[in-house]
Protein chains: 2
Amino acid sequence: MPDPSVPQTRTPEAEQSAPEPGRGVSRRALLGTAGATGLVLGAAGGALGYAAAPAPATPLTSIGTDRAMFHGKHQPGITDALQAHGHLVAFDLKPGAGRKQAAALLRRWSVAAERLMAGEAAPHEDTDVARDAGPSSLTVTFGFGHSFFARTGLEKQRPAALDPLPDFSADHLDRKRGEGDLWVQIGANDALVAFHALRTLQKEAGDAARVRWQMNGFNRSPGTTAHAMTTRNLMGQIDGTRNPKPAEPDFDQRIFVPASGEPAWMANGSYAVVRRIRMLLDDWEKLARPAQEAVIGRRKSDGAPLSGGDETTPMDLEKADAQGEYVVPLNAHARITRPDQNGGAAMLRRPFSFHDGYDADGTPDAGLLFICWQADPLRGFVPVQRKLDRGDALSRYLRHEASGLFAVPGGAAKGEYVGQRLLES
Amino acid sequence: MPDPSVPQTRTPEAEQSAPEPGRGVSRRALLGTAGATGLVLGAAGGALGYAAAPAPATPLTSIGTDRAMFHGKHQPGITDALQAHGHLVAFDLKPGAGRKQAAALLRRWSVAAERLMAGEAAPHEDTDVARDAGPSSLTVTFGFGHSFFARTGLEKQRPAALDPLPDFSADHLDRKRGEGDLWVQIGANDALVAFHALRTLQKEAGDAARVRWQMNGFNRSPGTTAHAMTTRNLMGQIDGTRNPKPAEPDFDQRIFVPASGEPAWMANGSYAVVRRIRMLLDDWEKLARPAQEAVIGRRKSDGAPLSGGDETTPMDLEKADAQGEYVVPLNAHARITRPDQNGGAAMLRRPFSFHDGYDADGTPDAGLLFICWQADPLRGFVPVQRKLDRGDALSRYLRHEASGLFAVPGGAAKGEYVGQRLLES
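Everything numeric in this text was worked out from a predicted model, so none of it was measured. (Residues numbered from 1 in each chain as written. Chains lettered and ligands numbered in written order. Predicted model: local features only at pLDDT ≥ 70, side-chain atom pairs only at ≥ 80, totals over all residues. Heavy atoms only, no water.)

The partner chain B presents 62 residues to the 62 residues of chain A that form the contact. Across the interface of chain A and chain B, roughly 5100 Å² is buried in total on both sides, 51% from carbon and sulfur atoms. Viewed at the interface, chain B and chain A are joined by twelve salt bridges. Remark: the boundary between chain A and chain B carries 35 residue pairs in polar contact (both at pLDDT 80 or more). Where the side of chain A that touches chain B is concerned, the elements lending two or more residues are helix H3 (62-65), strand S1 (85-93), helix H6 (191-205), strand S4 (209-218), strand S5 (231-232), helix H8 (281-284), strand S9 (352-358) and strand S10 (364-374) of chain A. Looking at the side of chain A that touches chain B, the element that brings in the most residues is H6(A), giving seven residues. Taken together, the residues of the side of chain A that touches chain B break down into 23 nonpolar, 25 polar and 14 charged. (Contact = heavy atoms within 4.5 Å. Buried area = accessible area lost by both parts, 1.4 Å probe. Salt bridge = Lys/Arg side-chain N within 4 Å of Asp/Glu carboxyl O. Polar contact = N/O pair within 3.5 Å; in protein donor to acceptor, adjacent residues only side chain to side chain. Helix = DSSP H or I, 4+ residues; strand = E, 2+ residues; numbered from the N terminus. Nonpolar A, V, L, I, M, F, W, Y, C, P; charged D, E, K, R; others polar.)

Printed below as a string of structure tokens:
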């Protein structure tokens, strides 16, 4: 077994010897957004000291070399750009595993996540599945579920914000695919890099934890569309238009627990609500386009509100047509979910689509792995979902099949592991 | 419903008004392999007449604009580069549907495939799921299974090559996930483009056919690795090193039915063997690297034979170590599958990896959607699989869970649909 204290380079790329950029500053940004292929190759194959590596057959583009940072104020995978591939996985501690084993596990997981996000080999017996690939914007994010705290004797540290979500009338929840002691979100722009991370973390779980549930998701590949701000979901709608933007002054306050927040170990953390939302595509696709647009309140083609303008134009909720009817119907999804209709609360939605084949009757098992981030679920997800539950036009085309709520602590400082402030409190 | 005879442009890209390149000549090739982003954008936003389109937020790269051709001597999706996303789907004709309905279906499917591969909207009620994206190297490939011919009264046209494959001792086949009247292979470098094609073809199946089984797969994303020739599988091995290359003189003869071949409707066609091969990763990953390399006969790091050299070096089957043992063991997978050990037969392997989550006991449901192409399965897949079945070292780490054999006719000429020469024979 290789000595885990000696970093192994998984690729000829020299990420680990490069000057460490700040959180969120990607390799692409360092090289300038022109990001000419020759420049990237020059850096990887020459300037950073790997001139002896054989000339590659095709260049790594920034899709491969882009890198997110593991250490930082917040964990990665919350404000980073959506990746093309995602894995969500929940683990339960095994019988006999308590706080001590959980602490050791989070330490192992943090070591592995840091290495894999840098494009390096796994700490133990790397499987080579991600070999030759760059970091590919891999992010790994860790969270704690409600049940974690009793199992580890840490009930007093359990945030009130982790209290179970209320029941919603539209829920058809499979408990076996929901919640869990520990939650891991993996995202990457390469499927093998993402799978390699999933498998590595499962192996590092060892005797401490076992997989409770696991889901796969996807988003558009970088470079296949000119429409970068937002993505489309499997209903064909542009999704995420009204997401809060990091440049907005109250962004941090809405999404992250303040540094002085409670409990102290959640400083700079966030809460993730995860829902497996099946889309009833057979019913949805029977609707003509104007009917679909009335359900959402936006045009399908470009995401503009039905009241006019383009995707970023504010919705005119009062605008009426010649018959005096609101052009954005009262039960339109986009009207009901508008932050200024919900006490100013907001959540950052960062979803993946999913498609797990077909049911026996030919119905696609497809939809959205809805993931939203907020400083407080009772001010973010819950009030919005309560409103939707009372009469949103979209709800009849959706089925919430699984649910999870997780406390995602702040990012680990250098030398620290994720959750250390909880587990060593 | 829009008039299907009027092409709708799905994107601001003007592929359909561009001069039509020959089969396999991609947009990227037309623009030169430097493929500078500005050039691609210039073409899409200016030279081809869409100057009024709003400036996109980010550029489409060649990942989005690359395009495979629907019309040609052979169907697409056989010799094209592996795509990042794949869907395999089999359909059975519905009760009451016969030759006439099948012909109409193949005509509808061909129209849809041609349009989607050009980055245009679906012929009927496009769902917008692929909107904004380029063609993203989409390919759609159609095949006929053994059962198709009795259902359509075309038994006399059924090729002998479609006779059921022999049983192999290692098979654990789920019949419900195997075979089928019709088979469609979809590949694309964007997940939404691939899903959109799958869903469009399912909708076009209408009253004629229903989904029998469907599987999802993936490969590495373009640009994430410098290692372009071959891909890695979920065991971490480089896969496809010994694939026949189109430049080799006997390539066509091995992979495609000759223009004068039998039956006549299969001229320039090929036979696809499809196997869902579960990898027993928990067992595999317990093997130390040297043991894994002995199973395969090649180094994991770079795919070089254990007899030395690099990935492309011919394997020295006679080379022995100091103890007189063959350095490439007698039961090594790469030794047994060498074409020159199998009467010169060869198949073109063009697989996708799959990962459908975890079994209840924490075992990953993952492996390879093995797809191989050959002029004659009895000279391609069958003799190789027979040899593997007798004592290949890799077999104990694999389980063949589903199987299909399909006759894939030659490509459709302009104005023709795939399978027309069979269905109107």
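On to the relation of the copies chain A and chain B. Superposition record for chain A on chain B: RMSD 0.0 Å, screw rotation 180°, translation along axis 0.0 Å. What the rotation and shift describe, once combined, is the action of a two-fold rotation axis. (Least-squares fit on C-alpha atoms with pLDDT ≥ 70 in both.)

A word on the pattern of salt bridges. Inspection of the entire model under this criterion finds 56 salt bridges over all chains. The residue A:Arg299 makes a salt bridge to A:Asp302 at a minimum N-O spacing of 2.8 Å. Taking relative accessible area as the criterion, A:Arg299 reaches 30% and is therefore assigned partly exposed. Of the residues examined, A:Asp302 reaches a relative accessible area of 25% and is grouped as partly exposed. Measuring nitrogen to oxygen at the nearest pair gives 2.8 Å for the salt bridge that ties B:Asp356 to B:Arg276. Here B:Asp356 is found in strand S9 (residues 352-358), whereas its partner B:Arg276 is found in strand S7 (residues 270-279), with 80 residues between them in sequence. Judged by its relative accessible area of 39%, B:Asp356 is partly exposed. The class of B:Arg276 is buried, set by a relative accessible area of 2%. (Buried < 20%, exposed > 50% of the residue type's maximum accessible area, 1.4 Å probe, protein only.)

So, about the packing of helix H4 (residues 99-117) of chain A against H6(A). Any two packed helices are characterised by the angle at which their axes cross and by the distance between the axes. Residue and element names in this part refer to chain A. Contact geometry for H4 and H6: axes closest at 9 Å, N-to-C directions at 155°. Here H4 lies roughly antiparallel to H6, going by the angle between them. Between H4 and H6 lies a crossing of right-handed hand. In contact with Leu-105, Arg-108, Trp-109, Ala-112 and Leu-116 of H4, H6 contributes His-196, Ala-197, Thr-200, Leu-201, Glu-204 and Ala-205. Split into classes, the residues belonging to the contact of H4 with H6 amount to seven nonpolar, two polar and two charged. (Axes fitted to C-alpha atoms, helices over the stretch in contact; angles between N-to-C directions. Parallel < 35°, antiparallel > 145°, perpendicular 65-115°, else oblique. Left-handed = near helix turned anticlockwise from the far one by under 90°.)

Here the focus is helix H9 (residues 289-296) of chain A. All names here are of chain A. Taken residue by residue, H9 has Gln-292, Glu-293, Val-295 and Ile-296 as its buried positions. Within H9, the buried residues cover an arc of 155° as seen down the axis, which keeps them to one side. Buried residues along H9 sit against H8 and helix H10 (333-336). Positioned one or two residues after H9, Gly-297 has a phi angle of 95°, which is positive. (Arc of directions from axis to C-beta.)

Moving on to the pairing of strand S1 (residues 85-93) of chain B. Residues and elements named next belong to chain B. When you tally the buried positions in S1, you get nine out of nine residues, the bulk of the element. Burial along S1 is two-sided: His-85, His-87, Val-89, Phe-91 and Leu-93 facing one way and Gly-86, Leu-88, Ala-90 and Asp-92 facing the other are all buried. With seven bridges connecting them, S1 and strand S3 (residues 182-188) associate as antiparallel partners. Looking at S3, one finds that Gly-86 is bridged to Gly-187. With nine bridges connecting them, S1 and strand S4 (residues 209-218) associate as antiparallel partners. The residue of S4 that forms the bridge with Leu-93 is Ala-209. (Pairing = 2+ DSSP bridges.)

Let's shift gears to the pairing of S10(A). Residue and element names in this part refer to chain A. Most of S10 sits out of view: eleven of its eleven residues are buried. Two strands pair when backbone bridges link them, and strand S7 (residues 270-279) and S10 are joined in this way by eight bridges, in the antiparallel orientation. By the bridge assignment, Val-274 is partnered in S10 with Ile-371. For strand S8 (residues 348-349) and S10, the ladder comprises two bridges, and the chain directions are antiparallel. Each residue of the ladder has a partner; that of Arg-349, found in S10, is Cys-372. Examined bridge by bridge, S9 and S10 share five bridges and lie antiparallel to one another. Within S10, the position partnered with Phe-352 by the bridge is Leu-369. Here S9 hands over to S10 after five residues, with Gly-362 in that stretch at a positive phi of 90°.

Okay, the UniProt feature "domain: Dyp-type peroxidase N-terminal" (unreviewed entry) in chain A next. UniProt tags residues 75-219 of chain A as "domain: Dyp-type peroxidase N-terminal" (unreviewed entry). Counting secondary structure, residues 75-219 of chain A comes out at 28% helix and 23% strand; the distance between its end C-alpha atoms is 21 Å. (UniProt positions renumbered as here; feature names shortened; annotations may be inferred.)

Moving on to unusual backbone geometry. Most peptide bonds are trans, and most residues other than glycine sit at a negative phi. For the peptide bond that leads from A:Glu262 to A:Pro263, omega is -15°, which places it in the cis range. As for its placement among the helices and strands, A:Pro263 is situated in the loop between helix H7 (251-255) and S7. Although it is not a glycine, A:Glu125 adopts a positive phi angle of roughly 45°. Mapped onto the elements of the fold, A:Glu125 is located in the loop between H4 and strand S2 (139-145). Of note, B:Asp128 is a non-glycine position whose phi angle comes to about 75°, a positive value. Within the secondary structure, B:Asp128 is located in the loop between helix H4 (99-117) and strand S2 (139-144). Taking relative accessible area as the criterion, B:Asp128 reaches 2% and is therefore assigned buried.

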